[in-house]
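Given next are the chains, with one letter for each unit.
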8 protein chains.
Amino acid sequence: MSKNEVAIIMGSDSDLIIMKDAAEILENFDISYDLTIVSAHRTPERMMQYALEAAKKGIKVIIAGAGGAAHLPGMIASLTYLPVIGVPIKGNSLDGLDSLLSIVQMPPGVPVATVAINGGKNAAILACQILGIQNNTISEKIEKYKIQLKNKVLSKASKLEKSGWKGYLA
Amino acid sequence: MSKNEVAIIMGSDSDLIIMKDAAEILENFDISYDLTIVSAHRTPERMMQYALEAAKKGIKVIIAGAGGAAHLPGMIASLTYLPVIGVPIKGNSLDGLDSLLSIVQMPPGVPVATVAINGGKNAAILACQILGIQNNTISEKIEKYKIQLKNKVLSKASKLEKSGWKGYLA
Amino acid sequence: MSKNEVAIIMGSDSDLIIMKDAAEILENFDISYDLTIVSAHRTPERMMQYALEAAKKGIKVIIAGAGGAAHLPGMIASLTYLPVIGVPIKGNSLDGLDSLLSIVQMPPGVPVATVAINGGKNAAILACQILGIQNNTISEKIEKYKIQLKNKVLSKASKLEKSGWKGYLA
Amino acid sequence: MSKNEVAIIMGSDSDLIIMKDAAEILENFDISYDLTIVSAHRTPERMMQYALEAAKKGIKVIIAGAGGAAHLPGMIASLTYLPVIGVPIKGNSLDGLDSLLSIVQMPPGVPVATVAINGGKNAAILACQILGIQNNTISEKIEKYKIQLKNKVLSKASKLEKSGWKGYLA
Amino acid sequence: MSKNEVAIIMGSDSDLIIMKDAAEILENFDISYDLTIVSAHRTPERMMQYALEAAKKGIKVIIAGAGGAAHLPGMIASLTYLPVIGVPIKGNSLDGLDSLLSIVQMPPGVPVATVAINGGKNAAILACQILGIQNNTISEKIEKYKIQLKNKVLSKASKLEKSGWKGYLA
Amino acid sequence: MSKNEVAIIMGSDSDLIIMKDAAEILENFDISYDLTIVSAHRTPERMMQYALEAAKKGIKVIIAGAGGAAHLPGMIASLTYLPVIGVPIKGNSLDGLDSLLSIVQMPPGVPVATVAINGGKNAAILACQILGIQNNTISEKIEKYKIQLKNKVLSKASKLEKSGWKGYLA
Amino acid sequence: MSKNEVAIIMGSDSDLIIMKDAAEILENFDISYDLTIVSAHRTPERMMQYALEAAKKGIKVIIAGAGGAAHLPGMIASLTYLPVIGVPIKGNSLDGLDSLLSIVQMPPGVPVATVAINGGKNAAILACQILGIQNNTISEKIEKYKIQLKNKVLSKASKLEKSGWKGYLA
Amino acid sequence: MSKNEVAIIMGSDSDLIIMKDAAEILENFDISYDLTIVSAHRTPERMMQYALEAAKKGIKVIIAGAGGAAHLPGMIASLTYLPVIGVPIKGNSLDGLDSLLSIVQMPPGVPVATVAINGGKNAAILACQILGIQNNTISEKIEKYKIQLKNKVLSKASKLEKSGWKGYLA
């Protein structure tokens, strides 16, 4: 039985360039994760099996990324009581609007927690926030992470204020 | 075993007001059909079973209507080698764009034959055209139907030409 | 100190007609909740205070609904390490697209778990799924709820199959 | 008389880079096909003649690709009782939305089976599914094709699970 | 042989409620016109014949209105050297965007002079402007019409300035 | 010579139902204003004259509302050095997107301060903020107005917290 | 006094790369033309003067191209009784939708004959069609031009039919 | 205490490439300015403090640029009675539509003066226009700037008229 609490799945290996951002965040937060490809349209049985077994394996949150007519997050959500986070992946046309609407506009009863287009990183942070509800270690790390974000901005702000825009861009 | 060659399925009974147009066309063409509700998100196992058994039951074309994040047509298509016709249903927001994109933007390998938003009637005509390939009785009916469409237009055109717009609208 | 685990907040009382769907779900799941109005643009200090105190009060998930340039969910998310669920509310123009994009397109580091436009009900179900991770009573209720959804569909499907569309619509 | 069962037509030779994907699929499925350019706007008489003769030549399915104000698929559909598959081609502006809407939003009576933007491959697979209704050789090939798609995903999934994302991307 | 210089055609009699605005303007300008229904999709041969004969009958400008996947204006334009004015008609979904894009995004070589969604009146004024190039009586009427428009605005402006908004709206 | 510091102009008297919101706000802030109709397309000379004379008359801020291809705000801005506030008015199609883009997407050198679709009220508040820069009486009124807004929210929040959603909606 | 019958104007010299397509067509049709820059927002007086004098100079059709909040075509149309053809120019954001809507959605009374985004070539062909109403030499040239377009397609079609797609693309 | 009358703030240093255009304009107009980074989502307390102190420091106009779910301009506006100018920054998806709608669609009571997508330059010109109300030196500079804009167009127009498009583009 897996000890991983988060699953990161994607519809195609072409989505990995975005979904790796989720993996990196989880590594930074010392949260072990499953990472694999599950295609709603090419491996529907595998998808069903994956969704039905996830909770039994100990998974607590599922992150699913997909592009175009992105059905993976919503179908996973239909098959599990676990929270599912959906990442719309931008494809070659329509600038990501198709995957965003395919993921977010779920019918009553089956939500998908949708993040921004190509928002792999945010999907993982959201997963950490969810796990952090019952785990102080994680919630403290989120607080630290937020402080880091703040400090990076403050540092850049300070540099910009000192050097002006010409110096900053140079 | 069913003798029906066409299946009409929809994600919710609220879609019936549109999908009945498909049923009516098939009745007009003397094509018997299955008609039921199969929700991708509320009855995923039923959906899988329905899709996997459709060909065995003798179904040759599946018409699937759904709204919002409309996954039913694409998921059915992922589970059968039969042609699947998708009907985007307009919901309470975004004017049908969400269901259209969720149905039509399928990835390589798994097409859905998408018709217009709320196009239940056209879905059935397309099904008849597909069945008509191997069935002269049906293809002749399509030709007759097209002649009827033409004659209706000609008759209205004639009336408009004679009575002018004021008379026509009166 | 509040014993409520979920907070439902909204930018305006005109959003209540949607956000009450979230309250109803939580009541059905026997989860007590805070319910109030917090306007990002009219009561920014209150918003800040609310967000900063939520975790201390025992809140574990925050549901925030807003319309138009909907800043409330994202701003709350910037001020807490708790997971924030955003509900885009459809307004008088642009069919909800403005609030959807204002909520979902958050920058890296600060996710909002966005649900469908006017998806108050789904926001609450997602909150239950999140709480259910650590609470078997809740996760079992979700499973039962999903079975109810399934049974409603099966019952309607059965009725439609028996009565045909004319009978069903009559 | 042609023995080809599928026709692939396009509005301009600039569409060939997409429509060749349809030709390749048909070749893989050992289905012979017509391939030519038929412009609705530059060769309307040719278009009319092509559509009216297609069935007589033995064509059973017509695949038509076009961009911008894409009228070719719908006009062909108006002139034949054969099923017509439309491929919206993405042009230099509006990201393919113009051709998608010009093709899919057909009025009652004259459907076009629309596939994804730039979906030349899927158009051909859909044509095979349609022919497969009466031809077990083809429908078996589709099943094999779907198994290949599945196996490719499984193989990539296995590789990703073993090597992790850093190894996979390296 | 017709003496009419302008033809007003539409894809369906449901478009008449908009296209009658064009007829009214032409009547006000004392320009006689053809008015009929020509469906690109239901009467393609009639459409072709109509377009090919228009110039021979003495028609100088063709106004064509259509909704959804609106092919009529562009197809007429492909079949005649006369200028064609296209009127996008708003349908039941997508708020007119589908017909606008289907009409305006014509490929190089075959323009359609597109006016606003539901712009039947403006189509006729544009036709008058075109005829006015060679006909001083018409161009003078346009100048008078523009003065009338101006005077209506000036009169309303004067009333508003005098009575204030409360008085004006009362 | 007018003593009015703000001008409220609109392209048509049909816009008055929105633009009166601007007038009401200015009345509440005791700021006298010009209110009239100036159509960019029907009274272009009047528009030019109005814009060129506004500053001389003592006007300091111009609020201009228009719908559809809304040129009034941008053209006024091209003719004066005064700040111009644009109000996109929602028309019968495209849900206000056309007027929003026609007003906000001005080229470098000629800005229009654009507010929300149908945002007549906010246009006037923005005008007050601009005048408040040099007028403490006005800026203090804005602060009071903001406190009123806040208090209304607090009062409604309090009521909702006490009565619950059922009581509040009853 | 100018002998030019067509004027080609544009809002900025950055539009020339598109608008030169109009000039080239007119040269091919031996129609002399004015070509200059007239900015609605930077040179409003020049724009007004240009529009008011165009008819007096002998201009019969005005082609106006502009991007973003594209006001030039509509403002010119408001100032002359000549037909005005608008060319939406695609800018750096929104893929040309802003300029399309700013040009086409004109209010009743003041039409702009809008062509496709970046459709400089079609604007000139439309101008020729308009001039061709009273000039057989031009209308015959249009017929020849259409035959050339047809022949180019036929030649490419023939080549594609002979060489197949691999040969054609090679 | 700062003597700067304008503040230029942005959500991220990646916005600087656009927002520097605002700084350059202010420098050209000899208006001193604050320039820094204030992130609504990463430094909400700093944002609140900045907004609350701006008026006290002598700032009269705030220019705020942000991308995606762009909350900075609206939140600043909620916290000050100063006029706030919002600059939507185009990000990696949706072509700037998300930031435009997030900024412009503010609720009644809290306007943001929104300029074009990536319109950093226009934001600064608008700020100058606002300051120019009480400062003749600035308003005269705006008039001169407008004359420069006009002269540049006239000079380019003259060059194009003389050299023709081939010469101009060469």
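Residues numbered from 1 in each chain as written. Chains lettered and ligands numbered in written order. Predicted model: local features only at pLDDT ≥ 70, side-chain atom pairs only at ≥ 80, totals over all residues. Heavy atoms only, no water.

A. Here's a closer look at the interface of chain A and chain C. With 39 residues of chain A at the contact, the number on the chain C side is 39 residues. On inspection of chain A and its partner chain C, the count reaches 0 salt bridges. Taken together, the links from chain A to chain C amount to 15 residue pairs in polar contact (both at pLDDT 80 or more). Contributing elements (two or more residues each) for the side of chain A that touches chain C: α3 (72-78), α4 (97-104), β5 (113-114), α5 (120-132) and α6 (136-169) of chain A. Its residues placed into classes, the side of chain A that touches chain C shows 26 nonpolar, 9 polar and 4 charged. (Contact = heavy atoms within 4.5 Å. Salt bridge = Lys/Arg side-chain N within 4 Å of Asp/Glu carboxyl O. Polar contact = N/O pair within 3.5 Å; in protein donor to acceptor, adjacent residues only side chain to side chain. Helix = DSSP H or I, 4+ residues; strand = E, 2+ residues; numbered from the N terminus. Nonpolar A, V, L, I, M, F, W, Y, C, P; charged D, E, K, R; others polar.)

B. Fine view of the environment of E:Glu27. Position of E:Glu27 relative to the elements: it lies in helix α1 (residues 16-28). Residue classification places E:Glu27 among the partly exposed positions, given a relative accessible area of 29%. Discounting residues that sit within four places of it in the chain, E:Glu27 has contacts with B:Trp165, B:Lys166 and E:Tyr33. (Buried < 20%, exposed > 50% of the residue type's maximum accessible area, 1.4 Å probe, protein only.)

C. A look at the interface of chain E and chain G. In this assembly, 39 residues from chain E lie in contact with 39 residues from chain G. For the pair chain E and chain G, the two sides together bury roughly 3,100 Å², of which 65% comes from carbon and sulfur. At the boundary of chain E with chain G, the tally comes to 0 salt bridges. Linking chain E with chain G are 16 residue pairs in polar contact (both at pLDDT 80 or more). Mapped onto the side of chain E that touches chain G, the elements with two or more residues apiece are α3 (72-78), α4 (97-104), β5 (113-114), α5 (120-132) and α6 (136-169) of chain E. Looking at side-chain class alone, the side of chain E that touches chain G contains 26 nonpolar, 9 polar and 4 charged residues. (Buried area = accessible area lost by both parts, 1.4 Å probe.)

D. Just the packing of helix α5 (residues 120-132) of chain C against helix α6 (residues 136-169) of chain C, in detail. Residue and element names in this part refer to chain C. The geometry of α5 relative to α6 is characterised by a closest axis approach of 7 Å and an angle of 135 degrees between their N-to-C directions. Looking at the two axes, α5 sits oblique to α6. Crossing hand, α5 versus α6: left-handed. Residues Lys-121, Ile-125, Cys-128, Gln-129, Leu-131 and Gly-132 of α5 touch α6, and the partners they reach there are Asn-136, Ile-138, Ser-139, Ile-142, Tyr-145 and Lys-146. (Axes fitted to C-alpha atoms, helices over the stretch in contact; angles between N-to-C directions. Parallel < 35°, antiparallel > 145°, perpendicular 65-115°, else oblique. Left-handed = near helix turned anticlockwise from the far one by under 90°.)

E. Structural detail: the relation of the copies chain A and chain C. The two copies are related by a screw operation: chain A maps onto chain C through 180 degrees of rotation and 0.0 Å of translation along the axis, at an RMSD of 0.0 Å. Taken together, the rotation and translation describe the operation of a two-fold axis. The overlap is high: 100% of the interface residues of chain A also sit at the interface in chain C, so the same surface is used on both sides. (Least-squares fit on C-alpha atoms with pLDDT ≥ 70 in both.)

F. Looking closely at the packing of helix α2 (residues 44-57) of chain F against helix α2 (residues 44-57) of chain G. Packing of α2(F) against α2(G) leaves a shortest axis separation of 12 Å and a crossing angle of 160 degrees. By the angle between their axes, α2(F) is roughly antiparallel relative to α2(G). Crossing handedness for the pair α2(F) and α2(G): left-handed. Contacts between α2(F) and α2(G) pair F:Pro44, F:Glu45, F:Met48 and F:Leu52 from the former with G:Pro44, G:Glu45, G:Met48 and G:Leu52 from the latter.

G. Here's a closer look at the packing of aromatic side chains. For the coordinates displayed, the defined rule picks out 8 aromatic pairs over all chains. Stacked on the ring of B:Tyr168, the Lys or Arg B:Lys159 has its end atom at 4.4 Å from the ring centre. (Phe/Tyr/Trp six-rings, centres within 6.5 Å; stacked < 30°, edge-to-face > 60°. Lys NZ or Arg CZ within 6 Å of the ring centre and 35° of its normal.)

H. Just the pattern of salt bridges, in detail. Per the counting criterion, the structure on display carries 64 salt bridges over all chains. Among the salt bridges present, the one from H:Lys166 reaches G:Glu27, with a minimum N-O distance of 3.7 Å. With H:Lys166 in helix α6 (residues 136-169) and G:Glu27 in helix α1 (residues 16-28), this pair bridges two chains. The salt bridge involving G:Asp34 is made with G:Lys57; its shortest N-O contact spans 3.0 Å. Taken together, the residues G:Asp34 in strand β2 (residues 33-37) and G:Lys57 in helix α2 connect sequence positions 23 residues apart. On the accessibility criterion, G:Asp34 (15% relative accessible area) is buried.

I. Region of interest: the arrangement of the chains. Separating chain B from chain G is a minimum C-alpha gap of 17 Å, and the two share no contact. One finds no contact between chain D and chain H; the C-alpha atoms of the two approach each other to within 11 Å at their closest.

J. Unusual backbone geometry, seen in detail. Residue and element names in this part refer to chain H. You will see that Leu-94, though not glycine, has its phi angle at about 65 degrees, which is positive. With respect to the element layout, Leu-94 can be found in the loop between β4 (84-89) and α4 (97-104). For Leu-94, a relative accessible area of 9% corresponds to the buried category. Of note in this structure, Asn-118 is not a glycine but carries a positive phi near 65 degrees. Relative to the helices and strands, Asn-118 resides in the loop between β5 (113-114) and α5 (120-132).

K. The arrangement of the confidence of the model for chain A in detail. Of the residues in chain A, 99% reach a pLDDT of 70 or more, and the chain-wide mean stands at 97. With pTM at 0.98, the complex prediction returns an ipTM value of 0.97. (pLDDT = per-residue confidence, 0-100.)

L. Structural detail: the relation of the copies chain E and chain G. Of the transformation placing chain E onto chain G, the axial shift is 0.0 Å and the rotation is 180 degrees, giving an RMSD of 0.0 Å. A shared binding surface is used by both copies, with 100% of the interface residues of chain E retained as interface residues in chain G.

M. A look at the environment of G:Glu161. Residues and elements named next belong to chain G. With respect to the helices, strands and loops of the structure, Glu-161 is situated in helix α6 (residues 136-169). Judged by relative accessible area, which is 47%, Glu-161 ranks as partly exposed. Between the C-alpha atom of Glu-161 and that of Leu-131, which follows or precedes it by 30 residues, the distance is 38 Å.

N. Summary view of the side chain of A:Asn4. All names here are of chain A. For Asn-4, the position within the fold is in the segment before β1 (6-10). At a separation of 2.9 Å, a polar atom in the side chain of Asn-4 contacts the side chain of Ser-32. A distance of 2.8 Å separates polar atoms of two side chains, one belonging to Asn-4 and the other to Asp-34. Sequence-distant contacts of Asn-4, that is, excluding residues within four places in its chain, are made with Ser-32, Tyr-33, Asp-34, Gly-58 and Ile-59.

O. Local environment of the pairing of strand β4 (residues 84-89) of chain F. All names here are of chain F. Buried residues dominate β4, accounting for 6 of its 6 residues. With burial as the criterion, each face of β4 is covered, one bearing Val-84, Gly-86 and Pro-88 and the other bearing Ile-85, Val-87 and Ile-89. Pairing analysis gives 6 bridges linking strand β3 (residues 61-67) to β4, with the strands arranged parallel. Within β4, the position partnered with Ile-62 by the bridge is Val-84. Handedness of the crossover is the feature at issue here: the chain leaves β3, passes through helix α3 (residues 72-78), returns alongside β4, and the resulting connection is right-handed. Pairing of β4 with strand β5 (residues 113-114) involves 2 bridges; the strand directions are parallel. Paired with Gly-86 across the strands is Thr-114, a residue of β5. (Pairing = 2+ DSSP bridges. Right-handed = clockwise from strand over helix to strand, strands pointing away.)

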